[in-house]
Amino acid sequence: TAPADADTEADTDAIVRDTVPEPTDPDLAFLGRRWEMVTMEGATLETGSDQPVLFFQVDPGTPPNLTGYAGCNRFYGTAFSATAETIHFGTVGSTRRACPALPLEQKFLGMLHEAESWSIVDDMLVVSAADRTLFTFREGEAEQLEVTE
């Protein structure tokens, strides 16, 4: 007979599969790619050697693994779901460093929860709420992030 945990694990796996698309879904073109922020609420982020690059990437898996850098701190989470048109960022954890870009980081992380839809337009990932564009991102070079929880 199977161990008692096997049923619970199978139930959890079924729930995850019902709420998170398969990572091989061709409609989820942003999976496994690093996305670097270009605009937030229409304002272009400054770039330069002293400016942090805000980015995120979702590595396929069950559940998918969300990682990124928000300006001061790295963030991570598994509370993420998407379909061919919708996107939802749940609760994320982060490291806790202080830096001059902290207000920008707090705004970015707060706005992630407003995201409802996504599209790729002219090689840019556009993330929107019901009434406005929240962010645009350009594809960057994917990297493995070391996350400490």
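The structure this text deals with has already been given above.
Residues numbered from 1 in each chain as written. Predicted model: local features only at pLDDT ≥ 70, side-chain atom pairs only at ≥ 80, totals over all residues. Heavy atoms only, no water.

A. Representation of the pairing of strand β4 (residues 65-69) in the model. Across the five residues of β4, four count as buried, placing the element largely inside the fold. Note that strand β3 (residues 55-59) and β4 share five bridges and pair antiparallel. Across the sheet, residue Phe 56 finds its bridge partner in β4, namely Gly 68. The turn joining β3 and β4, which pair antiparallel and follow one another in sequence, is formed by five residues. Examined bridge by bridge, β4 and strand β5 (residues 74-77) share four bridges and lie antiparallel to one another. Looking at the pairing, Thr 67 lines up with Tyr 76 of β5. What sits between β4 and β5 in their antiparallel hairpin is a turn of four residues, with Gly 71 showing a positive phi close to 120°. (Buried < 20%, exposed > 50% of the residue type's maximum accessible area, 1.4 Å probe, protein only. Helix = DSSP H or I, 4+ residues; strand = E, 2+ residues; numbered from the N terminus. Pairing = 2+ DSSP bridges.)

B. Expanded view of the pattern of salt bridges. All told, the structure shown has seven salt bridges when counted by the stated rule. Here Arg 138 makes a salt bridge to Glu 36, at a shortest N to O gap of 3.6 Å. Here the residue Arg 138 occupies a position in strand β11 (residues 133-140), and Glu 36 occupies one in strand β1 (residues 34-40), the gap between them amounting to 102 residues. Given a relative accessible area of 34%, Arg 138 falls into the partly exposed group. Taken together, the shared-partner salt bridges in this structure form one network comprising Glu 41, Lys 107, Glu 114, Asp 131 and Arg 132. (Salt bridge = Lys/Arg side-chain N within 4 Å of Asp/Glu carboxyl O.)

All we've got here are geometric facts, nothing functional implied.
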